[in-house]
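Descriptive structure summary
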Amino acid sequence: MTQIAFIGLGHMGLPMARNLLKAGFAISVFDLVQESMASLAAEGAKAAASAADAVRDAAVVVSMLPASRHVESLYLGDQGLLTQITPGSLVLECSTIAPDSARKVHAAAAARGIGLLDAPVSGGTAGAAAGTLTFMVGGKAEALEKARPILAAMGKNIFHAGPDGAGQVAKVCNNQLLAVQMIGTAEAMALGVASGLDPAVLAEIMRQSSGGNWTLEKYNPWPGVMENAPASKGYSGGFMAELMAKDLGLAQEAAQATASSTPMGALALQLYRLLLKQGNGKLDFSAVQKLFVE
Ligand code: NAD
């Protein structure tokens, strides 16, 4: 049986690791937060004492951390985790990070004979729990073939985006579009409600009309419209606004590097920064609704 180490058990990592367990993989887990490990340990995972301990016997390492700096500091340097991973193993780096940062970790892994894929995901916490995530993979095709059974236990769609870092480029483009859709939906919801419409009625009309989009299908930002959406739970859980701001920053860096014109992405970043400045960074990203209501 493939032994898997899973590092980073947050909103996404925890349900992803749980799906690997359910699929019958033997996993050892590590997170800086002890409590995150406890529930998985109760379900059969080995709670490791450190990241190095987690990877000791692992043929595959999966990581799901917040941002580039966490990933670089975990893997790189003289004390980095790459020095502890057995050559010939495979690392699936699933966090959303800068494409350049991913390429740096790719190069360091290759220098040690360790295979690596950047494999960021889309689908949110609900997709992570249901095992229906979309993986956007950057790296070598043969490494992806090796990874496929593991990714398939956590996701439904697996795309090979291209060479090292390409998964991150695809993810950044997707999240820029998602932010623009979320802001547009929040703005339209606020306009309709201020003009006297019932939010649930308006949401359903737009969902089935030409304004329909993923946020109206799965993630309405108006409280009470969708029972299970973060908006109906005080904007808790889900995808933190500060992580969306991070992704929009990565999109702007990519735009700068390619001299691309991304006015919608730039405005989305400014609106999310405003939301963060109001103390709402830890709330779900649909809390951008707050900018449009008193
Ligand atoms: P999170 O903050 O809930 O989880 C990150 C986890 O990493 C935390 O539990 C933290 O303790 C742990 N961690 C940080 N440094 C560590 C280290 N050195 N060793 C071990 N554990 C460490 O974030 P999340 O929502 O799970 O998101 C993770 C990544 O997935 C981010 O890059 C995010 O942009 C991306 N993402 C999130 C969503 C979503 O809906 N939440 C969707 C798609 C992609």
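Residues numbered from 1 in each chain as written. Predicted model: local features only at pLDDT ≥ 70, side-chain atom pairs only at ≥ 80, totals over all residues. Heavy atoms only, no water.

The residues that UniProt annotates with the feature "active site" (unreviewed entry) are K171. Not counting chain neighbours up to four residues away, the residues in contact with K171 comprise T96, P120, V121, S122 and M136. (UniProt positions renumbered as here; feature names shortened; annotations may be inferred. Contact = heavy atoms within 4.5 Å.)

H11, M12, D31, P66 and K246 are the nearest of the 24 residues found near the ligand. In this structure, H11 approaches the ligand through a side-chain N or O atom, which is 2.9 Å from an oxygen atom. M12 places a main-chain nitrogen or oxygen 2.9 Å from an oxygen atom of the ligand. Considered on its own, the ligand offers 840 Å² of accessible surface; in the complex 89% of this is hidden by protein. Listing elements by their share of the shell around the ligand, those giving two or more residues are α6 (124-130) and α11 (241-258). Taken together, the residues that form the shell around the ligand break down as 13 nonpolar, eight polar and three charged. For the shell around the ligand, the domains that each give at least three residues are domain 1 (3-163) and domain 2 (169-292). (Near = heavy atom within 4 Å. Polar contact = N/O pair within 3.5 Å; in protein donor to acceptor, adjacent residues only side chain to side chain. Areas by Shrake-Rupley, 256 points an atom, 1.4 Å probe, with all protein chains shown as cover. Helix = DSSP H or I, 4+ residues; strand = E, 2+ residues; numbered from the N terminus. Nonpolar A, V, L, I, M, F, W, Y, C, P; charged D, E, K, R; others polar. Domains from an automatic or database assignment.)

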